[in-house]
Amino acid sequence: MYGMVNEGIRTFILTNHGAEAWRRICARAGVQEAEFEKMTSYEDELTYKLVDAVGEFTGLDAQDVLKVFGKYWVDFAGGSGFRHLMRLSGPTFIEQVRGLDDLHDRIILSMPHLKPPSFELEDLGGETFLLHYYSDRDGLAPMVEGLLHGIAKDTGEEIDVEQVAFRSEGADHDVFRIRLLA
Amino acid sequence: MLFPLHVRLDGLGRIETAGPTLRRIFGEEIIGQAFLDVFTMVRPRRIQGLQSIWERLGEKLVVSAAPSGEEPIQFRAVAVPVDRAHEGLLIDLSFGIHLARCVHRFALTEADFKPNDFSIDLFYSFQTQQTLLKDSQKLAQALKQSKLQAERKSLEDSLTGIGNRASLHRRLEEMLAHPDPGARFALMHIDLDDFKSVNDNFGHAAGDRVLMQAARALQASCGIKDMPARIGGDEFALLLADAPEEGELEKLARDLVAALSMPVHHNDQSCRVGASIGLVVFQPGQVPNADRLIANSDIALYEAKGQKSAVKVLSEEMIERHEKSTRLVSEIRRAVKKSQFVPFFQPQIDTLSGSIRGLEVVARWELPGQDVLTPAYFLEVATRSNIMVDIDRQVRRKAFSQLAAWQRQGRKIGKLSLNVTASNLRSVDFVSVLLVELAAEGLRPSDIQLELLESILFEQFDHELIEQCRTLEQAGFTLALDDFGTGHSSIATLIDMPISVLKIDRSFVSGLDSNAKMQRITGAMLAMAKNMGLDVLAEGVETLKELEFLEKAGCRSFQGFYFSPPVNAEEIERWLDVWQANLCQLSG
Ligand code: HEM
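Quick caveat, the model's predicted, so the values are computed rather than measured.

*Asks:* So, the overall build of chain A: which residues are in play, and what are the values?
*Replies:* Secondary structure summary: chain A contains seven helices and four strands in total. Order of helices (α) and strands (β) in chain A, N terminus to C terminus: α-α-α-α-α-α-β-β-α-β-β. Here chain A holds 182 residues, and 55% of them are scored as buried. Approximately 8200 Å² of chain A is accessible, and the part contributed by carbon and sulfur atoms is 50%.

And the structure:
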């Protein structure tokens, strides 16, 4: 994954736990780099190792780390100059979610090795939606949950998210049920 | 060409015509094929069949195709009906996310884009930027690398690879700012006992080995949130993030002491150190800063070191004791500045001739208008904080100047006796300092007797110290062995020593009058010393009976309260006058 993701993890730890904590996490993950080049592509393995080490450090399991990190990501990516890319899709939660593929497509122009996720939103009516999440990678569904809450926080809406299909349990892809709360 | 990437479909979805660029990419055989045989829908994802394209006229579509069976390419697409009858479809394509790949793969030029399409211009501009970006990335990477290295150096102990004082400091500050006020941390402050002797006896390589092994031992007892650090020469710290309750914590520390005390092998030799640990448990916000915490753990460590290989948990009393002694240290410093340390003198007498052999100089702290304090009050604290040297110097100079005055007055007071410590002897310029100070007062080394504790010479058996004693003797000083009999030396071991006076410790003197066994030992000791040509002086004589017994046993030199306690210069002058007068009466 692009260094930007690892940088996100690093900034998250620095903000919440401090520089020495980050050094210890890197040491535990066996990671030499203490900082990452946002626009350089790194092995996915490295990101997974970092997530595990953060889990060990914070006492959370990897899934919860991903959730927390997902929520944080929207702020972090937005703050890194990409917010206007998100805004292109529109100001509401639903518009932003619909625009996620376009968003990552646009990012590909500057990060040509990106292997982006793909999403599709299905309107079930009654403010309820199904979000289909397709990915070449495993295990990142909890992050999507966090990310969705991150978007909602950003657009000032409230949502309820529940994962209803699990690729890890044999489904074709992960699916989330989203309800917009008044 | 207006639409170089278009396809026109007939009512059955077959490609009737295609733009020149598409024909170049897919070959002329694309004509006549069904659109959905060549292209697959990528987005919207779950739609199939021509009908669904009809349902999404004018919307953004993403399709992909693999020309010549090679790597697939994504296109953006939009479909519009060709005629009113809605039979044919015009699908206009554009390069999507694979634009860069296509430009190279198909050698695209401006002609492959619609006249009003800016993408190829943007693309080349992007490419230039990417090249520039790569340059900056390289530079940034190099800078980051050196920054990291510098940072690592500044936060890592270079010998052992664990954290150093700076990184401990940082982590402590992080813990103190921890958001959970209920979190409990512990700081162990660890000092290796006898490390210096490993360096001295086995060399620095062995010393380094010991330090590295200690670092490994600390690492072995660390979890991810804990942190080991080397914070000084042989000083370490271990920071525990989830401190267990006190009993378990102490056990952990004791286990660590045991691990640190394991023998270390170096070049077929085995050396061993011990460790003392001071322990502090703390919670976020409880202590103002990391410096205070380290200072607190140091207080506990100090108490632990007092017992060697001990573990001590910081307590309120320890802090109080420490504050008291800190106050005392600054009082002592002030007293040195105000020159409040003075010599007191206690006579040493040859009872056979009645003459004064000399005066022993002892330090006293004279508080103006208050009591006079003995070293019991300040010696330990002053030694620990390295002020004793200054006090000694102050007292010594005053004593020398007093002796010079007495000599000028024609008083016969014999030699001045000064106590000498191991650290005096270790200091290379001790002899020259003494000689200069004496010369400044017009005195000579033969005016001075230096008294050293038996333990200095024998327990540490340090060749350098013995050499230093020889130098002093050769310079003309008389050397006396103080507190003789309390250590492990016997008179026989004194043969090779540059010592000419033995001061028998008070423990041999007190109670002599009633204890027959002691009498025999003391008698034998005196006889042997006499045979070896050593002068013997008995100190701590308090009663006439003790004096009489020792005289009978052959001793003639004495010091003790029986004659006079240590007193100031004026009083000793009066005492000397009285003694002299009595002597004259006796002989007259
Ligand atoms: C401006 C904001 C965003 C930026 C700059 C961004 C960028 C990225 C980058 C660089 C990656 C790494 C992929 C790789 O290197 O191959 C990634 C992955 C991912 N992004 Fe985003 N992203 C943004 C917003 C979002 C949002 C709002 C979502 C919400 C669901 C999201 C969902 C994901 C997911 C799930 C992945 C993991 C990749 C996978 O599933 O295979 N991203 N993104």
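*Asks:* Describe the sheet that holds strand β5 (residues 73-81) of chain B, listing the residues and the values that go with them.
*Replies:* Residue and element names in this part refer to chain B. Taken in spatial order, the six strands make up an open sheet running β2-β1-β6-β5-β4-β3, and their pairing is antiparallel. The sheet terminates laterally at β2 (15-18) and β3 (40-43), the two strands that pair on one side only. For this sheet, the mean angle separating the axes of adjacent strands, direction not counted, is 35°. Where β3 lies against strand β4 (residues 61-65), three bridges are found, and the strand directions are antiparallel.

*Asks:* Describe the sheet that holds strand β4 (residues 174-181) of chain A, listing the residues and the values that go with them.
*Replies:* All names here are of chain A. Read across the sheet, four strands follow the order β1-β2-β4-β3 without closing on themselves; strand pairing throughout is antiparallel. The sheet terminates laterally at β1 (118-125) and β3 (158-165), the two strands that pair on one side only. With direction set aside, neighbouring strand axes in the sheet form an average angle of 25°. Taken together, the six bridges between strand β2 (residues 128-134) and β4 define a ladder with antiparallel strand orientation.

*Asks:* Help me get a handle on the interface of chain B and chain A, residues and values and all.
*Replies:* The interface is formed by 30 residues belonging to chain B together with 32 residues belonging to chain A. When chain B packs against chain A, close to 2900 Å² is buried across both sides, 46% of that on carbon and sulfur atoms. A salt bridge links Asp105(A) to Arg43(B), with the shortest nitrogen-to-oxygen separation between them at 3.5 Å. Of all elements in the fold, only α5 (119-155), α6 (165-176) and β8 (227-230) of chain B reach the threshold of two or more residues within the side of chain B that touches chain A. Here the side of chain B that touches chain A gets eleven residues from one element, more than from any other, and that element is α5(B). Its residues placed into classes, the side of chain B that touches chain A shows ten nonpolar, six polar and 14 charged.

*Asks:* If you had to explain the packing of aromatic side chains to someone new, which residues and values would you point to?
*Replies:* Applying the stated rule across the entire model yields 23 aromatic pairs over all chains. On the basis of an interplanar angle of 65° and a centroid distance of 5.0 Å, the ring pair of Phe345(B) and Trp406(B) is categorised as edge-to-face. With Phe345(B) in strand β14 (residues 341-350) and Trp406(B) in helix α13 (residues 388-408), the pair connects residues that are 61 residues apart, well separated along the chain. Each member of the pair, Phe345(B) together with Trp406(B), is buried. Aromatic rings pair up to connect Phe26(B), Phe35(B), Phe39(B), Phe75(B), Phe95(B) and Phe113(B) into one cluster. Over the ring of Phe57(A) we find Lys225(B); its NZ or CZ atom is 5.8 Å from the centre of that ring.

*Asks:* Explain unusual backbone geometry residue by residue, including any values.
*Replies:* Residue and element names in this part refer to chain B. Of note, the bond from Arg43 into Pro44 is cis; its omega dihedral lies within 30 degrees of zero at -5°. Counting through the fold element by element, Pro44 comes out in the loop between β3 and α3 (49-54). Within the chain, Ser68 stands out as a residue other than glycine whose phi angle is a positive 50°. Among the structural elements, Ser68 can be located in the loop between β4 and β5. Accessibility expressed as a relative area gives 68% for Ser68, which makes it exposed.

*Asks:* Go over the environment of Asp447(B) with me, naming the residues and quoting the values.
*Replies:* Residues and elements named next belong to chain B. Topologically, Asp447 is positioned in the loop between α15 (430-440) and β18 (448-453). For the pair formed by Asp447 and Phe400, sequence separation is 47 residues and the distance between their alpha carbons is 9.6 Å. When neighbours within four sequence positions are excluded, Asp447 is seen to be in contact with Leu403, Gln407, Lys415 and Leu416. Here the side chain of Asp447 touches Gln407 through a polar contact of 3.4 Å, side chain to side chain.

About the cut-offs
Residues numbered from 1 in each chain as written. Chains lettered and ligands numbered in written order. Predicted model: local features only at pLDDT ≥ 70, side-chain atom pairs only at ≥ 80, totals over all residues. Heavy atoms only, no water. Helix = DSSP H or I, 4+ residues; strand = E, 2+ residues; numbered from the N terminus. Buried < 20%, exposed > 50% of the residue type's maximum accessible area, 1.4 Å probe, protein only. Areas by Shrake-Rupley, 256 points an atom, 1.4 Å probe, with all protein chains shown as cover. Pairing = 2+ DSSP bridges. Axes fitted to C-alpha atoms, helices over the stretch in contact; angles between N-to-C directions. Contact = heavy atoms within 4.5 Å. Buried area = accessible area lost by both parts, 1.4 Å probe. Salt bridge = Lys/Arg side-chain N within 4 Å of Asp/Glu carboxyl O. Nonpolar A, V, L, I, M, F, W, Y, C, P; charged D, E, K, R; others polar. Phe/Tyr/Trp six-rings, centres within 6.5 Å; stacked < 30°, edge-to-face > 60°. Lys NZ or Arg CZ within 6 Å of the ring centre and 35° of its normal. Polar contact = N/O pair within 3.5 Å; in protein donor to acceptor, adjacent residues only side chain to side chain.

Keep in mind these numbers describe shape, not what the thing actually does.
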